[in-house]
Amino acid sequence: MCRAIQEYKVTQIVGAPPVVVAMIKDSATDEFDLKSLETVGSGGAPLGKDVIAAFKAKFTDKELFQGYGMTETAGAIFRSTSPEESLRWGSVGKLTGHCEARIVDPESGTALPPGKLGELWIRGPLVMKGYIGNAQATSETLVGDGWLRTGDLCYIDNEGFLFVVDRLKELIKYKAYQVPPAELEQLLQSHPEIVDAAVIPFPDEEAGEVPMACVVKHSESRISESQVMDFIAKQVAPYKKIRRVWFVNSIPKSAAGKILRKDLRKAAALGTLSKL
């Protein structure tokens, strides 16, 4: 990708967070000339503040913004529209025109005030009419008065900026606590000896589930399981600590760059993670 930017003088790119991370790490070698690049957009998953800070430190003259959208909303429905808005680190921007959004308690369905964490619901002309040939899925996703349940755990601040925490169904249930994998993945990816990482739940008799890190380390790295766990433990609350570590060759991802967690969970259950 960096080679293509250099060769074709690309000015704007949009990708998932791993693309941003790869840009930072590849550019550290000074092998590529990315002077033509003006704007970088990120979507598909939350972009960690550590990654944003590293990007801004490396590319002081380039704008980095985040956006939020779904297939069901025909593309982006939140995004930063100015350099000033992109400075709200961690946010995916503000709601597009002619649309509505609310944060809802996923258990009770009650709308929540600004700053409260809950499921994001969206309504407007960009929202789909339904899933073809799947009335059950449509009724579960589209609820009263045309609201679309996104399945994403988010909050909106007092100025209307949306912050995405993780997918509701991806939350790891550690004892009575909910642990968002994306937060831990962002921290893992900030480690200089880690190329990529994903966090999945691992069954545990006492806790129900524990966070397990699947880690791709640099070829010359000698980082150990305990060092990975200690690195995270120093930065998070006790219930969010990584309890298991598997070193793998790669993290399975979709064409859009999203982590295929089902594949990782299946491999972990079969004890085949080391073959990935």
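Here the residue numbering is sequential within each chain, running from 1 through the sequence in written order. Owing to the predicted nature of the model, reporting of local features is limited to residues with pLDDT of at least 70; listing and counting of side-chain atom pairs is limited to 80 or more, with chain, interface and lining totals taken over all residues. Only hydrogens and water are set aside; all other atoms, that is, all heavy atoms of the structure, feed into the side-chain values.

Undergrad: I'd like to hear about the packing of aromatic side chains, residue by residue, with values.
TA: Aromatic ring pairs: the centre-centre distance and the angle between the two ring planes describe each pair. Aromatic pairs are defined between Phe, Tyr and Trp rings, using the six-membered ring for Trp, whenever the two ring centres lie within 6.5 Å; interplanar angles under 30 degrees are classed as stacked, those over 60 as edge-to-face, and all others as tilted. Summed over the entire model, instances satisfying the criterion amount to four aromatic pairs. Between the aromatic rings of F55 and F59, the centroid separation amounts to 4.9 Å while the plane-to-plane angle is 50°, which identifies the pairing as tilted. The buried label applies to any residue whose accessible area, calculated with a 1.4 Å probe on protein chains only, is under 20% of its type's maximum; exposed applies above 50%, and partly exposed to all values in between. The class of F55 is buried, set by a relative accessible area of 0%. Residues Y155 and F163 carry aromatic rings whose centres are separated by 4.8 Å and whose planes lie at 5° to one another, so their mutual orientation is stacked. Only lysine NZ and arginine CZ atoms are considered, and such an atom sits over a ring when it is within 6 Å of the ring centre and within 35 degrees of the ring normal. Residue placement shows R79 over the ring face of F65; its charged tip is 4.0 Å from the ring centre.

Undergrad: Give me the lowdown on the pairing of strand β10 (residues 162–167), citing residues and values where you can.
TA: Pairing analysis gives five bridges linking strand β9 (residues 147–156) to β10, with the strands arranged antiparallel. Following the sheet pairing, D152 is matched in β10 by R167. Hairpin connection of β9 to β10: five residues between the antiparallel strands, including G160 at a positive phi of 90°. What makes two strands pair is DSSP finding at least two bridges between them. In this text, helices come from DSSP runs of H or I with a minimum length of four residues, and strands from runs of E with a minimum of two, each type numbered from the N-terminal end.

Undergrad: Help me get a handle on the sheet that holds strand β5 (residues 94–95), residues and values and all.
TA: Ordered in space as β1-β2-β3-β4-β5, the five strands form an open sheet in which the pairing is mixed. Edge positions in the sheet fall to β1 (12–15) and β5, since each of these pairs with one other strand and no more. The pairing of strand β2 (residues 39–42) with strand β3 (residues 63–70) spans four bridges and is classified as parallel. From the neighbouring strand, T39 faces β3, where its bridge partner is E63. Contacts are residue-level and defined by heavy atoms, with any inter-residue pair within 4.5 Å sufficient. All axes are obtained by fitting lines to C-alpha atoms, using only the stretch in contact for helices, and the reported angles, taken between N-to-C directions, cover 0 to 180 degrees. Contacts between helix α2 (residues 17–27) and the sheet are confined to β1 and β2, with β2 contributing the most and set at about 140° to the helix.

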